[in-house]
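The lines below spell out each chain.
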Amino acid sequence: MAKVRHSRFDCAPGCAVEAAIGLIDGKWKSVILFHLLERTLRFGELSRILASVTPRMLTNQLRELEEDGLVVRTVYPQVPPKVEYSLSPLGRSMEPVLMALKVWGDANIGRFGKPKAVGEKQNPPAPTGQTAGGHQWARYDPEPIE
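Residues numbered from 1 in each chain as written. Predicted model: local features only at pLDDT ≥ 70, side-chain atom pairs only at ≥ 80, totals over all residues. Heavy atoms only, no water.

Asks: Let's hear about the overall build of the protein chain: which residues, and what values?
Replies: A count of helices and strands for the protein chain gives 6 helices and 5 strands. When each of the 146 residues of the protein chain is scored for burial, the buried share is 23%. Within the protein chain, contacts between residues at least 6 apart in sequence are counted, and of these 45% link residues at least 24 apart. Looking at the protein chain as shown, the accessible area adds up to about 10800 Å², and 59% of this sits on carbon and sulfur atoms. (Helix = DSSP H or I, 4+ residues; strand = E, 2+ residues; numbered from the N terminus. Buried < 20%, exposed > 50% of the residue type's maximum accessible area, 1.4 Å probe, protein only. Contact = heavy atoms within 4.5 Å. Areas by Shrake-Rupley, 256 points an atom, 1.4 Å probe, with all protein chains shown as cover.)

What follows is the structure, encoded as structure tokens:
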């Protein structure tokens with residue numbers, strides 16, 4: 001059964017946020033859009049940049065971005081076929097949002113990302129909780145950002 005990707009929004013407060021998030025809700029969509037801010041990329045280039053994404057997942061995410069009008073797919077009639085992906089004007093309009101996410105991520109990566117190198121200032125570890133399966137998960141404990 002196909003996933004229902006977009007629904008009618010009820011225009012309650014937050015409706016605009018729901019609509020915007022709905023366009024970039026895939027695991028890789030924001031990252032794809034971020035890399036396309038720099039330049040037009042071919043599938044293989046995107047695949048190398050996003051090393052942990054499977055070809056099928058990358059294809060699906062690109063198709064959804066194209067269907068939503070954020071990405072333009074250009075096919076050149078040659079052998080082998082050459083396909084390039086670039087941002088549409090609508091996709092380009094997401095630049096401030098993507099850059100804001102990057103700035104926030106850079107400022108807070110220590111809370112969620114890999115440990116910093118020895119000598120770098122580290123945030124205190126977040127409190128952890130244990131799931132039923134015994135896995136440890138860090139909880140987000142917001143602190144004011146200076």
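Asks: So what's going on with helix H4 (residues 55-67)? Which residues, and what values?
Replies: An α-helix turns once every 3.6 residues. As a result, residues three or four positions apart point the same way. Helix length check: H4, at 13 residues, gives a terminal C-alpha distance of 18 Å against a target of 18 Å (1.5 Å per residue), a fit within 8%. Among all positions of H4, only Leu 58, Gln 61, Leu 62, Glu 64 and Leu 65 are buried. Projected down its long axis, H4 carries its buried residues within an arc of 160°, all on one side. Turned more than 90 degrees away from the buried face of H4 sit Pro 55, Arg 56, Arg 63 and Glu 67, all of them exposed. Residues of H4 that are buried sit in contact with helix H1 (15-23), helix H2 (29-38), helix H3 (43-49), strand E2 (71-76) and strand E3 (82-87). Gly 69 lies just past H4 and shows a positive phi near 85°. (Expected span 1.5 Å × (residues − 1). Arc of directions from axis to C-beta.)

Asks: I'd like to hear about the pattern of salt bridges, residue by residue, with values.
Replies: It is possible for side chains bearing opposite charge to pair when their charged atoms get close. Counting across every chain of the model gives 6 salt bridges. Lys 29 is the partner of Glu 64 in a salt bridge, and the nearest nitrogen-oxygen pair spans 2.7 Å. Taken as a pair, Glu 64 in helix H4 and Lys 29 in helix H2 lie far apart in primary sequence, 35 residues in all. Each of Asp 25, Lys 29 and Glu 64 takes part in salt bridges that share partners, so that together they form one network. (Salt bridge = Lys/Arg side-chain N within 4 Å of Asp/Glu carboxyl O.)

Asks: Provide a residue-level description of the sheet that holds strand E1 (residues 41-42), including the pertinent values.
Replies: The 3 strands are arranged E1-E3-E2 in an open sheet whose pairing can be described as antiparallel. Edge positions in the open sheet fall to E1 and E2, since each of these has one partner strand only. Where E1 and E3 come together, 2 bridges link them in antiparallel fashion. Residue pairing across strands places Arg 42 opposite Glu 84, the latter belonging to E3. (Pairing = 2+ DSSP bridges.)

Asks: Residue-level account of the confidence of the model for the protein chain, with values.
Replies: Averaged over all residues, the pLDDT of the protein chain is 79; the fraction at 70 or higher stands at 67%. Predicted confidence is poor over residues 124-144, with pLDDT under 50, and the contacts of this stretch with residues over four places away or in other chains come to 22 contacts. (pLDDT = per-residue confidence, 0-100.)

Asks: Please give an account of the packing of aromatic side chains that cites residues and values.
Replies: Applying the stated rule across the entire model yields 0 aromatic pairs. Lying across the ring of Tyr 76, Lys 82 places its NZ or CZ 5.1 Å from the centre. (Phe/Tyr/Trp six-rings, centres within 6.5 Å; stacked < 30°, edge-to-face > 60°. Lys NZ or Arg CZ within 6 Å of the ring centre and 35° of its normal.)

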